[in-house]
Amino acid sequence: MLDVIETITAKRDGRALSDTAIRSLISAYARGLVPDYQMSAFLMAAFLKGLSTRETTALTDCMLQSGIVLDFSGISGAKVDKHSTGGVGDKISLVLAPMAAACQVRVPMISGRALGHTGGTLDKLESIPGFSTDVDLARMRQQLGDLGVVMLGQTEEIAPADGLLYALRDVTATVDFIPFITASIMSKKLAEGLDGLVLDVKTGRGAFMKTRAAARDLAEMLVLLGEKFGVSTVAWLTNMDTPLGFKIGNWLEVEESIDCLTGCGPADVVSLSVQLCGEMLVLAKRADTVKQGKEIAQESIDSGRAFESLLNLVAAQGGDVSVIEHPSKRKRTVEPEPVCAPDHARGFVSDLDAFQLGLAATEMGTGRFTKEDEVDPEAGIVLHKRPGDAVIPNEELATFYTRKRALREQFAQTIRNAYSFKAKAPAAGNILIDRLSAEGWTHRS
(Lines give C-alpha, C1' and ligand atoms only; values in the text may rest on other atoms or scores of the structure.)
Protein backbone atom coordinates (compact mmCIF):
# COMPACT_ATOMS: atom_id res chain seq x y z
CA MET A 1 0.00 0.00 0.00
CA LEU A 2 1.44 3.38 -1.04
CA ASP A 3 2.07 5.78 1.83
CA VAL A 4 2.36 9.10 0.01
CA ILE A 5 3.20 11.11 3.12
CA GLU A 6 6.02 8.72 4.01
CA THR A 7 7.42 8.98 0.47
CA ILE A 8 7.32 12.79 0.60
CA THR A 9 8.84 12.81 4.08
CA ALA A 10 11.67 10.49 3.06
CA LYS A 11 12.65 12.70 0.14
CA ARG A 12 12.18 15.87 2.19
CA ASP A 13 14.69 14.48 4.69
CA GLY A 14 17.14 13.60 1.91
CA ARG A 15 16.68 9.84 2.02
CA ALA A 16 16.91 7.69 -1.11
CA LEU A 17 13.64 6.20 -2.36
CA SER A 18 13.31 2.60 -3.43
CA ASP A 19 12.35 1.79 -7.01
CA THR A 20 9.08 0.39 -5.66
CA ALA A 21 8.24 3.64 -3.84
CA ILE A 22 8.87 5.73 -6.96
CA ARG A 23 6.92 3.36 -9.18
CA SER A 24 3.98 3.25 -6.77
CA LEU A 25 3.85 7.05 -6.46
CA ILE A 26 3.97 7.77 -10.20
CA SER A 27 1.53 4.98 -11.04
CA ALA A 28 -0.96 6.18 -8.44
CA TYR A 29 -0.66 9.79 -9.61
CA ALA A 30 -1.23 8.79 -13.25
CA ARG A 31 -4.42 6.97 -12.16
CA GLY A 32 -5.70 10.01 -10.26
CA LEU A 33 -5.17 8.49 -6.81
CA VAL A 34 -2.65 11.12 -5.64
CA PRO A 35 -3.80 14.77 -5.60
CA ASP A 36 -1.79 17.55 -7.23
CA TYR A 37 -0.93 19.16 -3.88
CA GLN A 38 0.84 16.02 -2.68
CA MET A 39 2.66 15.47 -5.97
CA SER A 40 3.71 19.14 -5.90
CA ALA A 41 5.22 18.56 -2.47
CA PHE A 42 7.12 15.56 -3.78
CA LEU A 43 8.41 17.46 -6.81
CA MET A 44 9.75 20.28 -4.65
CA ALA A 45 11.30 17.87 -2.13
CA ALA A 46 13.10 16.03 -4.95
CA PHE A 47 14.13 19.34 -6.56
CA LEU A 48 15.71 20.54 -3.30
CA LYS A 49 17.21 17.26 -2.06
CA GLY A 50 18.11 15.66 -5.40
CA LEU A 51 17.61 12.29 -7.07
CA SER A 52 20.39 9.77 -7.60
CA THR A 53 21.10 8.12 -10.93
CA ARG A 54 19.26 5.02 -9.72
CA GLU A 55 16.24 7.06 -8.66
CA THR A 56 16.27 8.95 -11.99
CA THR A 57 16.40 5.64 -13.84
CA ALA A 58 13.45 4.32 -11.86
CA LEU A 59 11.49 7.53 -12.47
CA THR A 60 12.18 7.34 -16.21
CA ASP A 61 11.17 3.69 -16.36
CA CYS A 62 7.84 4.13 -14.58
CA MET A 63 7.00 7.20 -16.72
CA LEU A 64 7.86 5.14 -19.80
CA GLN A 65 5.74 2.20 -18.63
CA SER A 66 2.75 4.45 -17.83
CA GLY A 67 1.86 4.16 -21.53
CA ILE A 68 2.64 1.97 -24.48
CA VAL A 69 6.11 1.31 -25.86
CA LEU A 70 6.05 1.17 -29.64
CA ASP A 71 7.43 -1.84 -31.45
CA PHE A 72 8.57 -1.23 -35.02
CA SER A 73 10.48 -4.50 -35.33
CA GLY A 74 8.23 -5.49 -38.23
CA ILE A 75 9.50 -2.52 -40.26
CA SER A 76 12.88 -3.09 -41.88
CA GLY A 77 15.75 -0.76 -41.12
CA ALA A 78 17.08 0.92 -38.00
CA LYS A 79 14.86 3.45 -36.20
CA VAL A 80 16.81 6.51 -35.08
CA ASP A 81 15.53 9.84 -33.79
CA LYS A 82 16.99 13.16 -32.71
CA HIS A 83 16.04 15.42 -29.81
CA SER A 84 17.04 19.02 -29.14
CA THR A 85 16.82 20.66 -25.74
CA GLY A 86 15.53 23.81 -27.44
CA GLY A 87 16.90 27.03 -28.84
CA VAL A 88 16.17 30.17 -30.85
CA GLY A 89 15.85 29.66 -34.60
CA ASP A 90 16.29 25.92 -34.07
CA LYS A 91 14.70 24.42 -37.18
CA ILE A 92 17.14 21.49 -37.31
CA SER A 93 14.41 18.83 -37.02
CA LEU A 94 12.67 20.18 -40.12
CA VAL A 95 15.88 19.69 -42.09
CA LEU A 96 17.22 16.59 -40.39
CA ALA A 97 14.20 14.25 -40.34
CA PRO A 98 13.56 14.24 -44.14
CA MET A 99 17.32 14.23 -44.81
CA ALA A 100 17.88 11.14 -42.64
CA ALA A 101 14.89 9.40 -44.24
CA ALA A 102 16.38 10.13 -47.66
CA CYS A 103 19.49 8.30 -46.41
CA GLN A 104 17.47 5.16 -45.55
CA VAL A 105 17.12 5.81 -41.82
CA ARG A 106 13.66 5.28 -40.28
CA VAL A 107 12.75 8.40 -38.28
CA PRO A 108 9.70 8.19 -35.94
CA MET A 109 9.92 11.74 -34.58
CA ILE A 110 7.65 12.82 -31.73
CA SER A 111 8.08 16.55 -31.06
CA GLY A 112 6.72 19.29 -28.83
CA ARG A 113 5.32 22.80 -28.98
CA ALA A 114 6.86 26.14 -28.13
CA LEU A 115 6.93 27.15 -24.50
CA GLY A 116 8.94 30.08 -23.16
CA HIS A 117 11.52 31.69 -25.45
CA THR A 118 12.25 28.59 -27.56
CA GLY A 119 10.29 27.46 -30.60
CA GLY A 120 8.43 24.21 -31.09
CA THR A 121 8.70 21.82 -34.03
CA LEU A 122 4.95 21.11 -34.06
CA ASP A 123 4.09 24.81 -34.36
CA LYS A 124 6.50 25.14 -37.27
CA LEU A 125 5.06 22.14 -39.07
CA GLU A 126 1.52 23.39 -38.54
CA SER A 127 2.41 26.71 -40.20
CA ILE A 128 2.33 24.67 -43.43
CA PRO A 129 -1.31 24.97 -44.53
CA GLY A 130 -3.15 21.69 -43.94
CA PHE A 131 -0.25 19.89 -42.22
CA SER A 132 -1.53 17.64 -39.41
CA THR A 133 0.68 16.56 -36.52
CA ASP A 134 -2.22 14.59 -35.02
CA VAL A 135 -1.28 11.14 -36.26
CA ASP A 136 -2.64 7.98 -34.66
CA LEU A 137 -0.30 5.08 -33.98
CA ALA A 138 -1.60 2.86 -36.79
CA ARG A 139 -1.02 5.63 -39.32
CA MET A 140 2.36 6.38 -37.75
CA ARG A 141 3.44 2.80 -38.32
CA GLN A 142 2.15 2.79 -41.92
CA GLN A 143 3.87 6.05 -42.84
CA LEU A 144 7.13 5.06 -41.18
CA GLY A 145 7.18 1.91 -43.30
CA ASP A 146 6.20 3.70 -46.51
CA LEU A 147 8.22 6.93 -46.31
CA GLY A 148 10.75 6.30 -43.56
CA VAL A 149 9.68 9.41 -41.64
CA VAL A 150 6.72 10.63 -39.61
CA MET A 151 6.58 13.79 -37.45
CA LEU A 152 3.85 14.05 -34.84
CA GLY A 153 2.96 15.28 -31.37
CA GLN A 154 2.88 13.23 -28.20
CA THR A 155 -0.23 11.05 -28.06
CA GLU A 156 -2.20 10.12 -24.96
CA GLU A 157 -0.88 6.56 -25.24
CA ILE A 158 2.79 7.55 -24.97
CA ALA A 159 4.21 8.33 -21.50
CA PRO A 160 0.99 9.89 -20.14
CA ALA A 161 2.60 10.32 -16.71
CA ASP A 162 5.09 12.71 -18.31
CA GLY A 163 2.32 14.95 -19.60
CA LEU A 164 0.73 15.14 -16.17
CA LEU A 165 4.00 15.76 -14.37
CA TYR A 166 5.25 18.33 -16.87
CA ALA A 167 2.10 20.43 -16.46
CA LEU A 168 2.60 20.35 -12.69
CA ARG A 169 6.33 21.11 -12.87
CA ASP A 170 5.56 24.11 -15.04
CA VAL A 171 3.49 25.74 -12.27
CA THR A 172 5.61 24.66 -9.29
CA ALA A 173 9.03 26.05 -10.36
CA THR A 174 10.50 22.55 -10.73
CA VAL A 175 11.16 22.47 -14.49
CA ASP A 176 14.87 23.28 -14.35
CA PHE A 177 16.06 20.06 -12.69
CA ILE A 178 18.24 17.59 -14.59
CA PRO A 179 16.65 14.35 -13.26
CA PHE A 180 13.17 15.62 -14.20
CA ILE A 181 14.35 16.90 -17.59
CA THR A 182 16.06 13.57 -18.26
CA ALA A 183 13.04 11.48 -17.28
CA SER A 184 10.72 13.67 -19.37
CA ILE A 185 12.85 13.52 -22.52
CA MET A 186 13.85 9.88 -22.29
CA SER A 187 10.46 8.44 -21.31
CA LYS A 188 9.03 9.81 -24.58
CA LYS A 189 12.01 8.92 -26.76
CA LEU A 190 12.36 5.39 -25.36
CA ALA A 191 8.65 4.86 -26.04
CA GLU A 192 9.36 5.31 -29.76
CA GLY A 193 10.98 1.87 -29.97
CA LEU A 194 14.31 3.30 -31.15
CA ASP A 195 17.58 1.63 -32.05
CA GLY A 196 19.51 4.88 -31.74
CA LEU A 197 19.12 8.44 -30.51
CA VAL A 198 21.10 11.61 -31.27
CA LEU A 199 20.81 14.46 -28.76
CA ASP A 200 21.46 18.14 -29.43
CA VAL A 201 22.09 19.60 -25.97
CA LYS A 202 22.25 23.36 -26.33
CA THR A 203 24.16 25.70 -24.05
CA GLY A 204 24.44 29.46 -23.83
CA ARG A 205 22.18 32.47 -23.45
CA GLY A 206 19.42 31.16 -25.71
CA ALA A 207 19.38 27.67 -24.15
CA PHE A 208 17.76 26.30 -21.00
CA MET A 209 21.22 25.10 -19.89
CA LYS A 210 23.08 28.43 -19.68
CA THR A 211 26.47 27.02 -18.69
CA ARG A 212 28.56 24.33 -20.32
CA ALA A 213 28.91 22.56 -16.98
CA ALA A 214 25.14 22.21 -16.63
CA ALA A 215 24.78 21.15 -20.26
CA ARG A 216 27.46 18.48 -19.81
CA ASP A 217 25.71 17.17 -16.70
CA LEU A 218 22.44 16.89 -18.63
CA ALA A 219 24.11 15.24 -21.63
CA GLU A 220 25.82 12.69 -19.39
CA MET A 221 22.55 11.74 -17.71
CA LEU A 222 20.70 11.50 -21.03
CA VAL A 223 23.36 9.30 -22.66
CA LEU A 224 23.64 7.13 -19.56
CA LEU A 225 19.87 6.54 -19.51
CA GLY A 226 19.74 5.82 -23.24
CA GLU A 227 22.46 3.21 -22.95
CA LYS A 228 20.90 1.69 -19.80
CA PHE A 229 17.68 1.11 -21.75
CA GLY A 230 19.49 -0.45 -24.71
CA VAL A 231 19.35 2.51 -27.11
CA SER A 232 22.69 3.59 -28.63
CA THR A 233 22.90 7.28 -27.76
CA VAL A 234 25.17 10.14 -28.82
CA ALA A 235 24.97 13.75 -27.60
CA TRP A 236 26.46 16.95 -28.96
CA LEU A 237 26.83 20.12 -26.95
CA THR A 238 26.08 23.00 -29.32
CA ASN A 239 26.34 26.76 -28.96
CA MET A 240 23.10 28.70 -28.47
CA ASP A 241 24.52 32.14 -27.58
CA THR A 242 23.35 33.40 -30.97
CA PRO A 243 20.33 32.21 -32.98
CA LEU A 244 20.57 29.45 -35.57
CA GLY A 245 20.28 30.78 -39.10
CA PHE A 246 18.69 34.06 -40.11
CA LYS A 247 15.01 33.36 -39.44
CA ILE A 248 13.11 33.04 -36.15
CA GLY A 249 9.43 32.10 -36.31
CA ASN A 250 7.21 29.30 -37.50
CA TRP A 251 6.65 29.77 -41.23
CA LEU A 252 9.90 31.75 -41.49
CA GLU A 253 11.81 28.71 -40.22
CA VAL A 254 10.00 26.43 -42.65
CA GLU A 255 11.18 28.74 -45.44
CA GLU A 256 14.76 28.53 -44.19
CA SER A 257 14.52 24.74 -43.87
CA ILE A 258 13.45 24.57 -47.51
CA ASP A 259 16.51 26.65 -48.38
CA CYS A 260 18.72 24.17 -46.51
CA LEU A 261 17.24 21.16 -48.29
CA THR A 262 17.59 22.82 -51.70
CA GLY A 263 21.23 23.72 -51.18
CA CYS A 264 21.09 27.41 -50.31
CA GLY A 265 20.56 27.48 -46.55
CA PRO A 266 22.69 29.26 -43.93
CA ALA A 267 25.99 27.54 -43.17
CA ASP A 268 25.39 27.02 -39.45
CA VAL A 269 22.03 25.29 -39.91
CA VAL A 270 23.31 23.11 -42.75
CA SER A 271 26.52 22.12 -40.97
CA LEU A 272 24.73 21.14 -37.76
CA SER A 273 22.04 19.22 -39.66
CA VAL A 274 24.65 17.34 -41.68
CA GLN A 275 26.70 16.56 -38.55
CA LEU A 276 23.72 15.15 -36.67
CA CYS A 277 22.57 13.22 -39.74
CA GLY A 278 26.05 11.70 -40.00
CA GLU A 279 25.71 10.52 -36.40
CA MET A 280 22.26 9.04 -37.15
CA LEU A 281 23.62 7.15 -40.13
CA VAL A 282 26.36 5.56 -38.01
CA LEU A 283 23.83 4.51 -35.36
CA ALA A 284 21.64 3.08 -38.11
CA LYS A 285 24.65 1.22 -39.56
CA ARG A 286 24.25 3.08 -42.85
CA ALA A 287 27.75 4.52 -42.51
CA ASP A 288 30.95 3.22 -40.93
CA THR A 289 32.17 6.62 -39.72
CA VAL A 290 30.60 9.98 -38.99
CA LYS A 291 32.72 11.49 -41.77
CA GLN A 292 31.24 9.02 -44.25
CA GLY A 293 27.78 9.66 -42.82
CA LYS A 294 28.18 13.40 -43.34
CA GLU A 295 29.19 12.82 -46.96
CA ILE A 296 26.08 10.70 -47.53
CA ALA A 297 23.91 13.35 -45.84
CA GLN A 298 25.34 16.15 -47.97
CA GLU A 299 24.82 14.08 -51.12
CA SER A 300 21.14 13.71 -50.25
CA ILE A 301 20.86 17.50 -50.42
CA ASP A 302 22.95 17.84 -53.58
CA SER A 303 20.94 15.16 -55.40
CA GLY A 304 17.55 16.58 -54.38
CA ARG A 305 16.55 13.41 -52.49
CA ALA A 306 16.31 15.21 -49.12
CA PHE A 307 13.95 17.84 -50.51
CA GLU A 308 11.87 15.16 -52.22
CA SER A 309 11.63 13.42 -48.83
CA LEU A 310 10.25 16.66 -47.33
CA LEU A 311 7.67 16.92 -50.12
CA ASN A 312 6.54 13.35 -49.50
CA LEU A 313 6.30 13.97 -45.75
CA VAL A 314 4.19 17.11 -46.20
CA ALA A 315 1.88 15.39 -48.69
CA ALA A 316 1.42 12.34 -46.44
CA GLN A 317 0.38 14.52 -43.48
CA GLY A 318 -2.08 16.65 -45.43
CA GLY A 319 0.08 19.70 -46.04
CA ASP A 320 0.00 21.97 -49.07
CA VAL A 321 2.95 20.77 -51.13
CA SER A 322 2.72 23.77 -53.48
CA VAL A 323 3.92 26.18 -50.77
CA ILE A 324 6.91 23.94 -50.13
CA GLU A 325 7.78 23.87 -53.81
CA HIS A 326 7.12 27.62 -54.13
CA PRO A 327 7.17 29.33 -50.70
CA SER A 328 6.08 32.68 -52.15
CA LYS A 329 2.66 31.10 -52.79
CA ARG A 330 1.95 31.28 -49.07
CA LYS A 331 0.55 34.79 -48.97
CA ARG A 332 1.63 37.08 -46.12
CA THR A 333 -1.00 39.04 -44.23
CA VAL A 334 1.49 40.83 -41.97
CA GLU A 335 3.65 43.71 -43.20
CA PRO A 336 7.41 43.68 -42.47
CA GLU A 337 8.82 46.20 -39.99
CA PRO A 338 12.50 47.23 -40.40
CA VAL A 339 15.02 47.64 -37.59
CA CYS A 340 17.94 49.94 -38.43
CA ALA A 341 21.36 50.17 -36.83
CA PRO A 342 21.91 52.95 -34.27
CA ASP A 343 24.26 55.89 -34.83
CA HIS A 344 27.08 54.23 -32.87
CA ALA A 345 26.99 51.07 -35.02
CA ARG A 346 30.30 51.23 -36.88
CA GLY A 347 32.60 48.41 -37.82
CA PHE A 348 31.15 44.96 -37.26
CA VAL A 349 28.42 43.12 -35.44
CA SER A 350 30.32 41.60 -32.52
CA ASP A 351 27.51 39.76 -30.74
CA LEU A 352 23.80 38.91 -30.99
CA ASP A 353 21.82 37.86 -27.92
CA ALA A 354 19.69 34.80 -28.73
CA PHE A 355 17.72 35.02 -25.48
CA GLN A 356 16.54 38.59 -26.07
CA LEU A 357 15.55 37.77 -29.64
CA GLY A 358 13.73 34.64 -28.49
CA LEU A 359 11.72 36.58 -25.94
CA ALA A 360 10.87 39.29 -28.47
CA ALA A 361 9.79 36.76 -31.10
CA THR A 362 7.61 34.93 -28.58
CA GLU A 363 5.92 38.16 -27.58
CA MET A 364 5.32 38.88 -31.29
CA GLY A 365 3.38 35.61 -31.50
CA THR A 366 5.86 32.90 -32.52
CA GLY A 367 5.35 30.92 -29.30
CA ARG A 368 3.57 30.88 -25.99
CA PHE A 369 4.30 31.85 -22.42
CA THR A 370 1.36 29.71 -21.22
CA LYS A 371 -0.14 26.65 -22.88
CA GLU A 372 -3.30 28.59 -23.68
CA ASP A 373 -1.55 31.28 -25.77
CA GLU A 374 -2.30 31.38 -29.51
CA VAL A 375 0.60 31.06 -31.98
CA ASP A 376 0.83 33.21 -35.10
CA PRO A 377 2.46 31.27 -37.98
CA GLU A 378 3.57 34.48 -39.71
CA ALA A 379 5.14 36.24 -36.71
CA GLY A 380 8.89 36.38 -36.33
CA ILE A 381 12.23 37.99 -37.06
CA VAL A 382 14.48 37.91 -40.12
CA LEU A 383 18.08 38.80 -39.35
CA HIS A 384 19.99 40.68 -42.03
CA LYS A 385 23.15 41.05 -39.95
CA ARG A 386 24.87 38.45 -37.81
CA PRO A 387 28.16 38.46 -35.84
CA GLY A 388 31.07 39.16 -38.16
CA ASP A 389 29.06 41.21 -40.65
CA ALA A 390 30.14 44.78 -41.41
CA VAL A 391 27.66 47.46 -40.40
CA ILE A 392 27.14 51.24 -40.69
CA PRO A 393 24.62 53.55 -38.96
CA ASN A 394 21.02 53.32 -40.20
CA GLU A 395 21.72 50.11 -42.13
CA GLU A 396 18.96 47.51 -41.79
CA LEU A 397 19.80 44.96 -39.09
CA ALA A 398 16.61 42.93 -39.16
CA THR A 399 12.97 42.79 -40.19
CA PHE A 400 10.14 41.58 -37.99
CA TYR A 401 6.50 40.52 -38.43
CA THR A 402 3.75 40.91 -35.86
CA ARG A 403 0.07 41.74 -35.59
CA LYS A 404 0.71 43.59 -32.32
CA ARG A 405 1.11 46.97 -33.99
CA ALA A 406 0.96 48.93 -30.74
CA LEU A 407 4.20 47.21 -29.66
CA ARG A 408 6.18 47.79 -32.84
CA GLU A 409 8.55 50.38 -31.33
CA GLN A 410 9.17 48.19 -28.30
CA PHE A 411 9.99 45.20 -30.49
CA ALA A 412 12.30 47.26 -32.68
CA GLN A 413 14.21 48.53 -29.66
CA THR A 414 14.52 45.05 -28.15
CA ILE A 415 15.97 43.69 -31.41
CA ARG A 416 18.33 46.66 -31.69
CA ASN A 417 19.51 46.13 -28.11
CA ALA A 418 20.28 42.47 -28.84
CA TYR A 419 23.06 43.61 -31.17
CA SER A 420 26.58 44.63 -30.08
CA PHE A 421 29.14 46.36 -32.29
CA LYS A 422 32.92 46.70 -32.33
CA ALA A 423 35.51 48.17 -34.64
CA LYS A 424 37.13 44.77 -35.18
CA ALA A 425 35.39 41.66 -36.49
CA PRO A 426 34.95 38.90 -33.85
CA ALA A 427 36.67 35.55 -34.24
CA ALA A 428 34.50 32.97 -35.98
CA GLY A 429 32.83 30.68 -33.47
CA ASN A 430 32.12 26.96 -33.75
CA ILE A 431 28.57 25.79 -33.18
CA LEU A 432 29.83 22.30 -32.25
CA ILE A 433 31.41 22.18 -28.80
CA ASP A 434 31.74 18.66 -27.34
CA ARG A 435 30.59 15.15 -28.31
CA LEU A 436 29.55 12.45 -25.85
CA SER A 437 28.99 8.76 -26.55
CA ALA A 438 29.12 5.62 -24.42
CA GLU A 439 32.90 5.82 -24.81
CA GLY A 440 33.08 9.26 -23.21
CA TRP A 441 33.72 12.86 -24.23
CA THR A 442 35.64 13.89 -27.35
CA HIS A 443 36.11 17.07 -29.43
CA ARG A 444 36.52 19.30 -26.41
CA SER A 445 37.06 22.98 -27.16
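Before any of the text, the structure's been laid out above.
Residues numbered from 1 in each chain as written. Predicted model: local features only at pLDDT ≥ 70, side-chain atom pairs only at ≥ 80, totals over all residues. Heavy atoms only, no water.

1. Some details on the overall build of the protein chain
What counts is decided by this rule: Runs of E in the DSSP output that reach at least two residues are strands. Runs of H or I that reach at least four are helices, and both are numbered from the N terminus. Atoms considered for the radius of gyration are the C-alpha atoms alone. The globule rule reads 2.2 Å times the number of residues to the power 0.38. Relative accessibility under 20% of the residue-type maximum defines a buried residue, over 50% an exposed one, and the middle range a partly exposed one, all with a 1.4 Å probe and only protein chains included. Residues are treated as being in contact if the distance between any of their heavy atoms lies within 4.5 Å. Note that accessible areas follow from Shrake-Rupley with a 1.4 Å probe, and for residues the cover is restricted to the protein chains shown.
When helices and strands are counted, the protein chain shows 17 helices and 14 strands. Taken over C-alpha atoms, the radius of gyration comes to 22 Å for the protein chain, in line with the 22 Å a tight globule of 445 residues would show. Principal-axis analysis of the C-alpha atoms places the extent of the protein chain at approximately 70 × 45 × 40 Å. The buried share of the protein chain, reckoned over its 445 residues, is 56%. Long-range contacts, defined here as pairs at least 24 residues apart, represent 77% of the contacts in the protein chain between residues at least 6 apart. Approximately 18,000 Å² of the protein chain is accessible, and the part contributed by carbon and sulfur atoms is 52%.

2. With respect to the nonpolar core
So the rule is basically this: In plain words, nonpolar cores are sets of buried Ala, Val, Leu, Ile, Met, Phe, Trp, Tyr and Cys residues tied together by side-chain atoms within 4.5 Å.
Judged by nonpolar contacts, the single largest core of 78 residues is most densely connected at Met99, Ile324, Ile381, Ile415 and Tyr419. Ignoring anything within four residues of it in the chain, the contact list for Ile324 reads Ile128, Val254, Ile258, Phe307, Leu310, Leu311 and Val314. Counting 36 residues, the second-largest nonpolar core is a separate cluster that includes Leu152, Ala159, Ala191 and Ala215.

3. Some points on helix 16 (residues 354–366)
We apply this condition: Each residue after the first adds 1.5 Å to the expected span of a helix. What qualifies as a polar contact is a pair of N or O atoms within 3.5 Å, subject to a donor-acceptor requirement within protein and to the restriction that residues adjacent in sequence count only when both atoms come from side chains.
Over its 13 residues, helix 16 extends only 14 Å from the first C-alpha to the last, a length that falls short of the 18 Å expected when each residue adds 1.5 Å. Within the sequence span of helix 16, burial applies to Ala354, Leu357, Gly358, Ala360, Ala361, Thr362, Met364, Gly365 and Thr366. Taking the backbone nitrogen of Phe355 as reference, a side-chain oxygen 2.9 Å away marks Asp353 as the first, capping residue of helix 16.

4. Details of a negative patch on the surface
Where we set the bar: Patches in this entry comprise residues that are over 30% relatively accessible and not in a salt bridge; like charges within 9 Å are linked, as are nonpolar side chains (Val, Leu, Ile, Met, Phe, Trp, Tyr) within 5 Å. Criterion for a salt bridge: a side-chain nitrogen of Lys or Arg within 4 Å of a carboxyl oxygen of Asp or Glu. For the charge count, each Lys or Arg is scored as positive and each Asp or Glu as negative, with His and the chain ends excluded. Every charge is mapped to an atom, namely NZ of Lys, CZ of Arg, CG of Asp or CD of Glu.
Taken together, the side chains of Asp134, Asp136, Glu156 and Glu157 present a region of like negative charge at the surface. Here Glu156 is to be found in the loop between strand 3 (149–153) and helix 8 (160–170). Overall, Glu156 belongs to the exposed group, its relative accessible area being 75%.

5. As for the environment of Arg332
Note on placement: Arg332 falls in the loop between helix 15 (321–325) and strand 7 (337–340). For Arg332, a relative accessible area of 34% corresponds to the partly exposed category. The sequence separation of Arg332 and Gln104 amounts to 228 residues, and the corresponding C-alpha distance is 36 Å. Ignoring anything within four residues of it in the chain, the contact list for Arg332 reads Trp251, Leu252, Glu255, Glu378 and Tyr401.

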